[in-house]
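If you want the building blocks of each chain, they are given just below.
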Amino acid sequence: MPRKTRARSSRDRELLRQMLRIRRFEERCVELYSGEKICGFMHLYIGEEAVAAGVCHALTSEDAVVSTYREHGHALARGVPIRSVMAEMYGKAAGCSRGRGGSMHIFDAERRFYGGNAIVGGGLPVAVGLALADKLLSRGRVTACFFGEGAMAEGEFHECLNLASLWGLPVLFACENNLYAMGTALARSQAETDLALRAAAYDVAAWPVDGMDVRAVADAAERACESIRAGAGPHFLELRTYRFRAHSMYDPDRYRDKAEIEQWKLRDPLGQIRLPEDELAALEKEIAQELEDAVTFAEEAPIEPIEELTRFVYSEVRP
Ligand SMILES: Cc1ncc(C[n+]2csc(CCOP(=O)(O)OP(=O)(O)O)c2C)c(N)n1
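This is a predicted model, so every value here is computed, not measured.

Calculation rules
Residues numbered from 1 in each chain as written. Predicted model: local features only at pLDDT ≥ 70, side-chain atom pairs only at ≥ 80, totals over all residues. Heavy atoms only, no water. UniProt positions renumbered as here; feature names shortened; annotations may be inferred. Helix = DSSP H or I, 4+ residues; strand = E, 2+ residues; numbered from the N terminus. Buried < 20%, exposed > 50% of the residue type's maximum accessible area, 1.4 Å probe, protein only. Contact = heavy atoms within 4.5 Å. Pairing = 2+ DSSP bridges.

Participant: How would you explain the UniProt feature "domain: Dehydrogenase E1 component" (unreviewed entry) in the protein if you had to name every residue and give the values?
Facilitator: The feature "domain: Dehydrogenase E1 component" (unreviewed entry), as annotated in UniProt, sits at residues 18-306 in this numbering. Between the end C-alpha atoms of residues 18-306 the distance is 37 Å, and the span holds 43% helix and 12% strand.

Rendered as structure tokens:
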């Protein structure tokens, strides 16, 4: 069980702040979705915040992050400005992907946040390619790649782990094991459910972590990053977590027992670090203001003019 204790350090406070920002951002997105301000697919991260907050805390601004379609939390924890994330959710041109990507394609090359990817497992080769470039250029950077346990059933996962291990690439494979790939439970689709063991088959250092305990996640990510930077090659963390909400906004969520969901909610990562009441209230206020500013920004941002719609389809540079 995660330890429910008071914040002891500035790291604890920062981890709690990031988790709370992600939670409040997504709760607001649900309201905006109901009001049809946000459209299209939307996958919520609520319940899994400790993973993004803990892993991103171990990275430097030089490192890279590659994510999935459930990436609002990774983007925010990475430092992608909340205004540009919210404007992207609205499909506005001021969004980080010019409003062309929406919820599943948050992208910010300046912060080395390389998506946002709708394809299950699609980020894995991107991460391995980024890490290969870093290794060839001796840059000493880490690429953190988030993906779900469902992606481990994809051929890309096996190809990527093999190459990353063979070439000693600086990748942190951060597997978010929330036990379900859409409506399919891990044990119903995979013969071996010990995910670290599967990664270790490629001679990659791998171990499981309590993904509901943000301190445990941050400790594990720090340890893995230190080892990767020291040249030990890729590392794999199986982050055991749970999504409190359905797979996406369209999922009626009929494949899980309600009692199971309630059981996991008792381990809500946000409840693990306690702050004195006045400090928590101040933090909530700060986040609410940041969020209101982001919503106002997105509301007021102009929609891309129709004449621009065919831009960015083909290269505008003529050879
Ligand atoms: C290549 C591919 N196959 C199938 C899908 C449809 N699909 C979208 S999400 C998903 C489940 C993936 O589960 P997991 O990787 O565990 O991530 P989670 O959604 O639980 O975060 C599937 C099968 C897809 N987007 N891409």
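Participant: Quick one: what's the story with the environment of F107, residue by residue and with numbers?
Facilitator: With respect to the helices and strands, the residue F107 is situated in the loop between α4 (82-89) and α5 (123-136). F107 sits in the partly exposed class, given a relative accessible area of 35%. Distance from F107 to Y180, taken between C-alpha atoms, is 25 Å for residues 73 residues apart in sequence. Contacts of F107, omitting those with residues within four sequence positions, involve C96, S97, F113, Y114 and G115.

Participant: Break down the pairing of strand β8 (residues 235-240) for me, with residues and values.
Facilitator: For β8, the buried fraction is high: five of the six residues fall into the buried class. Bridge count for strand β4 (residues 171-177) against β8 is six bridges, and the pairing is parallel. In the strand pairing of β8, E176 is matched with L239. Here strand β7 (residues 205-210) pairs with β8 via six bridges, running parallel. Each residue of the ladder has a partner; that of W207, found in β8, is L237.

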